[in-house]
Amino acid sequence: MHPETHLALHHARAAELRAEADAYRLAAATRRPRDLRTRLGWTLVEVGLRLAAAPKTAAAVP
């Protein structure tokens, strides 16, 4: 492959990646911020699972 062809393909792919990144940034900016809500929800699920799990018994002490 000639260097000019390789360079042209590289520039085309770089432009595509920049366009995808811009589209992702715009989509992410329009989404509602749910990060805190999601983290809190999963923390509550984790706490609930720990409470519902059978307690581990300590080894019998003679």
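Up top is the structure these notes are about.
Visitor: Describe the overall build of the chain, naming the residues involved and giving the relevant values.
Guide: Regarding its fold elements, the chain presents two helices and zero strands. Counting all 62 residues of the chain, 2% fall into the buried class. Carbon and sulfur atoms make up 65% of the accessible area of the chain, which amounts to about 6,400 Å² in all.

Visitor: Any details on the pattern of salt bridges? Residues and values, ideally.
Guide: Applying the stated rule across the entire model yields three salt bridges. The closest approach of N and O atoms between Asp22 and Arg25, which form a salt bridge, is 2.6 Å. Of this pair, Asp22 and Arg25 are both found in helix H1 (residues 3–30), three residues apart, which corresponds to roughly one turn of the helix. For Asp22, a relative accessible area of 40% translates into the label partly exposed. Here Glu46 ties to Arg50 by a salt bridge, and the two come within 2.7 Å at their closest N and O atoms. Taken as a pair, Glu46 and Arg50 lie in helix H2 (residues 35–52) at a separation of four residues, close to a single helical turn. Taking the relative accessible area as the measure of exposure, Glu46 reaches 39% and is therefore partly exposed. Overall, the relative accessible area of 61% leaves Arg50 in the exposed class.

Visitor: Got a sec to walk through a nonpolar patch on the surface? Specific residues and values, please.
Guide: On the surface, Trp42, Val45 and Leu49 cluster together to form a nonpolar patch covering roughly 360 Å² of accessible area. For Leu49, the position within the fold is in helix H2.

Visitor: Talk me through H2; I want residue IDs and the actual numbers.
Guide: An α-helical segment advances 3.6 residues per turn. Residues three or four places apart therefore align on the same side. Taking 1.5 Å per residue, 18 residues should reach 26 Å; H2 reaches 26 Å between its end C-alpha atoms and fits that length. With zero of 18 residues buried, H2 lies mostly on the surface of the structure.

Reading guide: rules and limits
- Residues numbered from 1 in each chain as written.
- Predicted model: local features only at pLDDT ≥ 70, side-chain atom pairs only at ≥ 80, totals over all residues.
- Heavy atoms only, no water.
- Helix = DSSP H or I, 4+ residues; strand = E, 2+ residues; numbered from the N terminus.
- Buried < 20%, exposed > 50% of the residue type's maximum accessible area, 1.4 Å probe, protein only.
- Areas by Shrake-Rupley, 256 points an atom, 1.4 Å probe, with all protein chains shown as cover.
- Salt bridge = Lys/Arg side-chain N within 4 Å of Asp/Glu carboxyl O.
- Patch = residues over 30% accessible without salt bridge, like charges linked within 9 Å, V, L, I, M, F, W, Y side chains within 5 Å.
- Expected span 1.5 Å × (residues − 1).

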